[in-house]
Amino acid sequence: MMAAQESNPNIIDSCKSSEEENDGLINELPNAIFWDVMPIKKWQGFWFEPGLIKCAMKFNSTLEAKHNDVLLASAPKTGTTWLKALCLCILHQNHNIPENKDLLTKDNPQFHVQTIESSIYSTKPTPDLYGTSSPRLFHTHLPFSFLPDSIKNTNCKIVCVARNSKDTLVSLWHFFNSIFRENQEPYPLEKAVEEFCTGVHQYGPYFENVLGYWLESRKRPEKILFLKYEEMIKDPKGEVKKLALFLGKPFENEEDLENVVWRCSLERLRNLEVNKNGSVIYGVPNGSYFRKGMVGDWKNYLNPEMEDRINQTTLIKFQGSGLEFDN
């Protein structure tokens, strides 16, 4: 049947027409320049590099979710790599395995659990996702409103991790400096703060992205688990235990729990040889996914005016939602 579909000129013409319509739509979207180097466009209230919009459109229109799929969601630089490692171990590896069979020693977690719109759909316009071992484990930085209906309306589970806005901004600043401004002066932090608060940055605005998942998790806690990075740092065993239970893979004993917490700890991941060298995608060094990982590092970078600007924006954006973070 697949071969018949591929040879049907009506279907091919329809696909081409749809792509042309999408290209025309993207061309008409509002423009901005992220950090003076990356063109971004505003689509449905959020800012993206244009290629990501095309991938997000294909993801939204073509993915057929299965009831046992697990989707990880996060705004950039809010604990993504840590969450990927944890879910990989909980779902796809025995808790006690020799190091030479530990997937985390073979490749960066970003390789094992790829971001669907930027890693999967960008490299293969119509990727074959259906041969992936079950349960399928994916990740996205996209807002909840952008997800396919097949994800929203099935028993597919979603795990979202989020982080306080000031540490998120500082982590973003370091990450994009390492990519865009290697061996150069860092991008002015004052400008980065302002763009973060106005939402004009890659995948921005952060606040609306986080809030969408938070509000949905309050409506459907059986479908969406909302984790806070600060609570994971404070009580890793308690939060990982909660995560495993939500995924339907509760730990049989304390030793298994402790083993996964240790294997996926930022300290261990940062010091694995595979994360000191090489890159996963687009030439981004593996090491750039692991910096300090601490709560409150923003205090080393933000002056009182920057702190107040972010605090006031956070207060306005999250007002009445019940969402609060430790700083």
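Heads up: these notes are all about the structure in this document. The numbering scheme is per chain: residues are counted from 1 as the chain's sequence reads. This being a predicted model, a pLDDT of at least 70 is required before a residue's local features are given, and a value of 80 or more before pairs of side-chain atoms are given or counted; all residues contribute to the totals for chains, interfaces and linings. Neither water nor hydrogens contribute to the side-chain values; these are computed over all heavy atoms in the structure.

Some thoughts on the overall build of the protein
A tally of helices and strands in the protein yields 15 helices and seven strands. Exposed residues in this analysis have more than 50% of their type's maximum accessible area, buried residues have under 20%, and partly exposed residues fall in between, with area computed by a 1.4 Å probe over protein chains only. Counting across all 327 residues of the protein, residues that qualify as buried make up 52%. For the protein, the share of sequence-separated contacts (at least 6 apart) that also reach a separation of at least 24 residues comes to 74%. Strands are runs of DSSP state E lasting at least two residues, helices are runs of H or I lasting at least four, and both sets are numbered from the N terminus onward. The contact rule is simple, with two residues in contact once any of their heavy atoms fall within 4.5 Å.

Brief notes about the sheet that holds strand 1 (residues 31–34)
The strands that make up a sheet pair up through hydrogen bonds in the backbone, lying either parallel or antiparallel. Strands are treated as partners if at least two bridges between them are detected by DSSP. In spatial order, the strands read 1-2-3; together these three strands make up an open sheet with antiparallel pairing. The sheet is open, and its two edges are formed by strand 1 and strand 3 (46–48), each paired on a single side. The mean angle between the axes of side-by-side strands here comes to 40°, regardless of whether they run parallel or antiparallel. Here strand 1 pairs with strand 2 (residues 38–43) via four bridges, running antiparallel. Each bridged residue has a counterpart across the sheet, and for Ala-32 the counterpart in strand 2 is Ile-40. Packing of helix 3 (residues 50–62) onto the sheet brings it into contact with strand 2 and strand 3, and relative to strand 2 it is tilted by some 40°. Axis geometry follows a simple rule: fit a line to the C-alpha atoms, using only the stretch in contact for helices, then measure angles between N-to-C directions, giving values from 0 to 180 degrees.

Some remarks on the nonpolar core
One finds Phe-48, Ile-151, Ile-158, Leu-169, Val-210, Phe-226 and Leu-302 to be the most contacted residues of the largest nonpolar core, which totals 60 residues. If we ignore the near neighbours within four places in the chain, the residues touching Val-210 are Ala-75, Ala-162, Phe-226, Phe-318, Leu-323 and Phe-325. In this description, a nonpolar core means a group of buried Ala, Val, Leu, Ile, Met, Phe, Trp, Tyr and Cys residues linked to one another through side-chain atoms lying within 4.5 Å. Among the nonpolar cores identified, the runner-up in size contains 34 residues, and Cys-89, Val-159, Leu-227 and Leu-266 belong to it.

Quick notes on helix 13 (residues 254–263)
Of all the residues in helix 13, the buried ones are Asp-256, Leu-257, Asn-259, Val-260, Val-261 and Arg-263. Packed against the buried residues of helix 13 are helix 4 (80–92), helix 12 (236–246) and helix 14 (266–271). Residues adjacent in sequence count toward polar contacts only when both atoms are side-chain atoms; beyond that, a polar contact is any pair of N or O atoms within 3.5 Å, and within protein one must be able to donate a hydrogen and the other to accept it. Here helix 13 starts with a cap whose side-chain oxygen sits 3.2 Å from the backbone nitrogen of Glu-255, and that cap is Asn-253.

Overview of helix 15 (residues 304–318)
By this rule the span expected of a helix is its residue count minus one, scaled by 1.5 Å. The end-to-end C-alpha distance of helix 15, which contains 15 residues, comes to 21 Å, matching closely the 21 Å that a straight helix rising 1.5 Å per residue would cover. Capping the start of helix 15, Asn-303 holds a side-chain oxygen 3.1 Å from the backbone nitrogen of Glu-305, two or three residues further along. Backbone geometry just after helix 15 places Gly-320 at a positive phi near 80°.

Quick notes on the packing of helix 8 (residues 165–180) against helix 15
Relative orientation of the contacting elements helix 8 and helix 15 amounts to 125°, with a least axis distance of 10 Å. In terms of their interaxial angle, helix 8 and helix 15 are classed as oblique. Handedness of the crossing formed by helix 8 with helix 15: right-handed. Seen from helix 8, the contacting residues are Ser-165, Lys-166 and Leu-169; seen from helix 15, they are Glu-307, Ile-310, Asn-311 and Thr-314. Classifying every residue of the contact of helix 8 with helix 15 by side-chain character gives two nonpolar, three polar and two charged. Working rule for angles: under 35 degrees goes down as roughly parallel, over 145 as roughly antiparallel, 65 to 115 as roughly perpendicular, anything else as oblique. Take the far helix as the reference: if the near one is turned anticlockwise from it by less than a right angle, the crossing is left-handed, and if turned clockwise, right-handed. For this scheme, ten residues count as nonpolar: Ala, Val, Leu, Ile, Met, Phe, Trp, Tyr, Cys and Pro. Four count as charged, namely Asp, Glu, Lys and Arg, and the remainder, Gly too, count as polar.

Just distances and angles here, no functional claims.
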